[in-house]
Amino acid sequence: MTIKSIGVIGAGQMGNGIAHVMALAGYDVMLTDVSQDALDAAIAGIDGNMGRQVGRGKIAEADMQAAMKRIETTLALSDVGATDLVIEAATERESVKQAIFEDLQPHLKPETILTSNTSSISITRLASRTDRPERFMGFHFMNPVPVMQLVELIRGIATDQQTYEACLGVVDRLGKTAASAEDFPGFIVNRILMPMINEAVYTLYEGVGNVKSIDESMKLGANHPMGPLELADFIGLDTCLAIMNVLHDGLADTKYRPCPLLTKYVEAGWLGRKTQRGFYDYRGEAPVPTR
Ligand code: CAA
């Protein structure tokens, strides 16, 4: 099946990045969210990020203008039903995602492929609640979407080969690389990345190092582009905790126990960059470690 149009549900950090790369690759994009403010912020964000790419000579000004024109926004979830491929990138909560797929179902074309950008929720379980588990997949982008080369493609137990190949074709057209992952908690990237971040929080919790020494150690000692605590703030501490809980519950192994200090930051509402405070405080000119 030829995919020409993409529906993106959720205009947050991931949704706006997905709309950005899809429009640049020539797909017509229908972006939806529950508030006009979120849609306006997403369009402003995409405009800023593409502008940065133009400024650095990565894309041409004319390509940016054409891409921006390909993005339509709507508050009506039903408008997304007419697209060829839907990518759900809403809040990382299973009940929210299930409700979205349920509401969308009556508006879908029979051949539309449904996907979720979930970072850890079971694709098989999400698919089983829809009318098309064979045309349902995990389509997991990394943040920041315009920069990161990888997309994880996750097949649920019922996903058919045609659906997988159609999604693979989209990843190719984006100029990105797909990694096929089986549908188990955390897939590949988060199964490995999140326990590392959680261990960095334990290292902080136990006083082995402070925020600065832990991040510097991993940047300068392991050549990571960001330290694990800086990266946790970038991803969102609520997302990190949610993924650790999925690993802990789904794999039933105490080695995935979320660090109590991570839970405490989330309970405080210190969720990282998006709330201006996490392991660093971003309210001043430069980030200041909170421990
Ligand atoms: N849109 C477009 N371009 C962007 C961008 C965005 N949102 N953010 C950064 N860029 C571009 C910059 O313009 C710059 O371009 P040039 O190479 O042409 O100069 C380039 O990316 C590097 O950016 P900066 O110079 O601003 O900053 P940096 O060198 O410190 O890199 C970074 C920033 C790319 C984010 C880098 O720090 C990095 O790779 N960090 C790790 C990110 C990571 O691990 N992501 C995965 C998170 S896990 C995940 O997403 C999965 C999950 O489910 C939780």
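Everything numeric here is computed off the predicted structure, so don't read it as measured data. For every chain, the first residue of its written sequence is number 1, and the numbers climb from 1 along that sequence. Totals for whole chains, interfaces and linings use every residue, but because this is a predicted model, local features are given only for residues with pLDDT of at least 70 and side-chain atom pairs only at 80 or more, for both listing and counting. Just so you know, side-chain values use all the structure's heavy atoms and leave hydrogens and water out.

**Regarding the overall build of the chain**
Strands are runs of DSSP state E lasting at least 2 residues, helices are runs of H or I lasting at least 4, and numbering of each runs from the N terminus. Within the chain, the regular secondary structure consists of 11 helices and 10 strands. When we talk radius of gyration, it's over C-alpha atoms, and the globule rule is simply 2.2 Å times the number of residues to the 0.38. Here the chain has a C-alpha radius of gyration of 19 Å; the compact-globule value for 291 residues is 19 Å, and the two agree. By principal-axis analysis of the C-alpha atoms, the chain measures approximately 55 × 45 × 30 Å. A simple rule labels every residue: compare its accessible area, found with a 1.4 Å probe on the protein chains alone, to the largest value its type can have, and call it buried under 20%, exposed over 50%, or partly exposed in between. Looking at the chain as a whole, 48% of its 291 residues qualify as buried. Contacts are assigned to residue pairs that have any heavy atoms within 4.5 Å of one another. Restricting the contact set of the chain to residue pairs at least 6 apart, pairs at least 24 apart contribute 65%. Counted as positive: Lys and Arg. Counted as negative: Asp and Glu. His and the chain ends are not counted at all. To locate a charge, take atom NZ for lysine, CZ for arginine, CG for aspartate or CD for glutamate. Across the chain, the centroid of the 27 positively charged side chains sits 4 Å from that of the 36 negatively charged ones.

**What to know about the side chain of E152**
Mapping E152 onto the fold places it in strand 7 (residues 150-155). Of the side chains with opposite charge, R191 comes closest to the buried, unpaired E152, at an N-O distance of 10 Å. Among the polar contacts made by the side chain of E152, one reaches the side chain of H140 at a distance of 2.8 Å. Polar contacts, as counted here, are pairs of nitrogen or oxygen atoms within 3.5 Å of one another; within protein the pair requires one atom able to donate a hydrogen and one able to accept it, and residues that are adjacent in sequence qualify only if both atoms are side-chain atoms. Polar contacts involving the side chain of E152 include one to the main-chain amide nitrogen of V189, which spans 3.0 Å. In this structure, E152 is in contact with G138, F139, H140, M142, A179, A181, F187, I188 and V189, ignoring residues within four places of it in sequence. Salt bridges are identified by distance alone: a Lys or Arg side-chain nitrogen within 4 Å of an Asp or Glu carboxyl oxygen.

**Notes on the side chain of S120**
Here S120 is to be found in the loop between strand 5 (113-116) and helix 5 (123-128). Classification of S120 by relative accessible area gives buried; the value is 3%. Setting aside its immediate chain neighbours within four residues, S120 contacts E92, P185, G186, F187, I243 and V246.

**Section: the site of the ligand**
Whether a residue is near a molecule or strand depends on its heavy atoms: it is near if one of them lies within 4 Å of it. Taken together, the neighbourhood of the ligand is formed by 19 residues, with R56, K58, H140, N143 and N190 sitting nearest. At 3.4 Å from a nitrogen atom of the ligand is found a side-chain nitrogen or oxygen belonging to N49. A distance of 2.7 Å separates a nitrogen atom of the ligand from a polar backbone atom of N143. All accessible areas in this document rest on Shrake-Rupley with a 1.4 Å probe, and a residue is counted as covered only by the protein chains that are shown. Its free accessible area being 1000 Å², the ligand has 71% of it covered by the protein chains. Counting only elements with at least two residues in the shell around the ligand, the list comes to helix 2 (36-55), helix 7 (189-205) and helix 9 (228-235). The element contributing the most residues to the shell around the ligand is helix 7, with three residues. Under the grouping applied here, Gly and all other residues not named as nonpolar or charged are polar, the nonpolar ones being Ala, Val, Leu, Ile, Met, Phe, Trp, Tyr, Cys and Pro and the charged ones Asp, Glu, Lys and Arg. A class-by-class count of the residues in the shell around the ligand yields 11 nonpolar, five polar and three charged.

**What to know about the sheet that holds strand 2 (residues 28-32)**
By definition, two strands form a pair when at least two bridges between them are found by DSSP. Spatially, the eight strands line up as an open sheet ordered 3-2-1-4-5-6-7-8, and their pairing is mixed. Whereas interior strands pair on both sides, the edge strands pair on one side only; in this sheet they are strand 3 (71-74) and strand 8 (177-182). On average, each strand axis in the sheet is inclined to that of its neighbour by 25°, with strand direction left out of account. Working convention: axes come from line fits to C-alpha atoms, limited for helices to the stretch in contact. Angles between N-to-C directions cover 0 to 180 degrees. Strands in contact with helix 2 are strand 2 and strand 3; relative to strand 3, the strand with the most contacts, it is inclined by about 165°.

**Digging into the nonpolar core**
Judged by nonpolar contacts, the single largest core of 39 residues is most densely connected at M22, L85, F139 and F141. In terms of residues, this core owes the most to one element, helix 1 (residues 13-24), which gives six residues. Not counting the four nearest positions on each side in its chain, F139 is found in contact with M22, L85, I87, T115, S116, N117, V151, E152, L153, C167, V170 and V171. By nonpolar core is meant a set of buried Ala, Val, Leu, Ile, Met, Phe, Trp, Tyr and Cys residues that side-chain atoms within 4.5 Å join together. If you look at the next biggest cluster of nonpolar residues, it comprises 29 residues, including A200, V201, C259 and Y282.

**As for the packing of aromatic side chains**
Each pair of aromatic rings is reported with the distance of its centres and the angle of its planes. Only centres within 6.5 Å qualify two rings of Phe, Tyr or Trp (six-membered ring in Trp) as a pair; their planes then separate them into stacked at under 30 degrees, edge-to-face at over 60, and tilted for everything else. According to the stated counting rule, one finds six aromatic pairs in the structure shown. Ring centres of F101 and F136 lie 5.1 Å apart, and the angle between their planes is 70°; on these two criteria the pair is classed as edge-to-face. In this pair, F101 is assigned in helix 4 (residues 94-104) and F136 in strand 6 (residues 136-141), connecting sequence segments 35 residues apart. In this pair, the class of F101 matches that of F136, namely buried. Between Y265 and F279, the aromatic rings sit 4.6 Å apart at their centres with planes inclined by 40°, giving tilted as the arrangement. Linking Y265 in helix 11 (residues 260-267) with F279 in the loop between helix 11 and strand 9 (280-281), this pair joins segments that are 14 residues apart in sequence.

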